[in-house]
Every structure is written in structure tokens, then in C-alpha cells.
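Results of the structural survey
The residues making up each chain are set out below.
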Amino acid sequence: MKSAWIAKYEETEIKITNNRFSGEKFYVNNELQDEQLSFITPSNMNGNLINKVGEKLNIKTNISGFFFVS
């Protein structure tokens, strides 16, 4: 089962996917930023985006849990 969470920041799309076989993946504008393949520890992933004024911003995610929700 695959889950996806999508958020928008200014004109940027931030997406996190979770699949029990391929782990968690973190995308910014469909560009892979980070991935986590371990299911034992909470998933902490990092990435970057460029805001409207051209500044590079660091962003972080944290996913944890053993249950899937549909």
C-alpha cells in the first residue's frame, strides 16, 4: 500500500510518499531530496527549496508509526 502527502509552499510542491516495500521518499517539485529505507527507526528526511526571493531554505520531515491509513 502506498500513501502520499502533498503540500504547497509558495509555488513549490512538497511531497512525501510511503510504501511498505520501497520506504519513504521526500520530493520537492518532483525532484527526490531524500529517502529512508529502514522501517525500524522514525524517518527523518531533509531537503531544500528556493523561495520567491531566491533564498535557499532547508526543510525537514519526520514520519513515524507502524500503521497504514487509507
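Check the entry above for the structure.
This is a predicted model, so every value here is computed, not measured. (Residues numbered from 1 in each chain as written. Predicted model: local features only at pLDDT ≥ 70, side-chain atom pairs only at ≥ 80, totals over all residues. Heavy atoms only, no water.)

Attention shifts here to the sheet that holds strand 1 (residues 2-9). Read across the open sheet, the four strands follow the order 1-2-3-4; overall the sheet is antiparallel. At either margin of the open sheet sits one strand with a lone partner, and together these are strand 1 and strand 4 (31-36). Ignoring strand direction, the axes of neighbouring strands in this sheet form an average angle of 15°. Direction of pairing for strand 3 (residues 23-28) relative to strand 4: antiparallel, over a ladder of five bridges. Among the inter-strand pairings, Val28 is bridged to a residue of strand 4, identified as Glu31. (Pairing = 2+ DSSP bridges. Helix = DSSP H or I, 4+ residues; strand = E, 2+ residues; numbered from the N terminus. Axes fitted to C-alpha atoms, helices over the stretch in contact; angles between N-to-C directions.)

What follows deals with the pattern of salt bridges. Charged atoms that come close allow side chains of opposite charge to pair. Per the stated rule, a full pass over the model turns up one salt bridge. Ionic pairing is found between Lys25 and Glu35, a salt bridge with its closest N-O pair at 3.9 Å. On the criterion of sequence distance, the pair formed by Lys25 in strand 3 and Glu35 in strand 4 is long-range, its members being ten residues apart. (Salt bridge = Lys/Arg side-chain N within 4 Å of Asp/Glu carboxyl O.)

Burial along strand 5 (residues 43-50) is one-sided: Ser43, Met45, Gly47 and Leu49 are buried, and none of Asn44, Asn46, Asn48 and Ile50, which face the opposite way, are. As paired elements, strand 5 and strand 6 (residues 56-63) share eight bridges and run antiparallel to each other. Directly across from Asn48, in strand 6, lies its bridge partner Asn58. Here strand 5 folds back onto strand 6 in antiparallel fashion, the turn holding five residues, of which Gly54 has a positive phi close to 85°. (Buried < 20%, exposed > 50% of the residue type's maximum accessible area, 1.4 Å probe, protein only.)

Formed by Ile14, Ile16, Phe26, Val28, Met45, Leu49, Ile59 and Ile63, the largest nonpolar core amounts to eight residues. When residues of this core are traced back to their parent elements, those giving at least two are strand 2 (12-19), strand 3, strand 5 and strand 6. Not counting residues up to four positions away in its chain, the partners in contact with Ile16 are Ser3, Ala4, Trp5, Lys25, Phe26, Met45, Thr61 and Ile63. (Core = buried A, V, L, I, M, F, W, Y, C linked by side-chain atoms within 4.5 Å. Contact = heavy atoms within 4.5 Å.)

The geometry of an aromatic ring pair comes down to the distance between the two centres and the angle between the two planes. By the definition in use, this model includes zero aromatic pairs. Looking at Lys15, its charged tip hangs above the ring of Tyr27, at a distance of 5.3 Å from the centre. (Phe/Tyr/Trp six-rings, centres within 6.5 Å; stacked < 30°, edge-to-face > 60°. Lys NZ or Arg CZ within 6 Å of the ring centre and 35° of its normal.)

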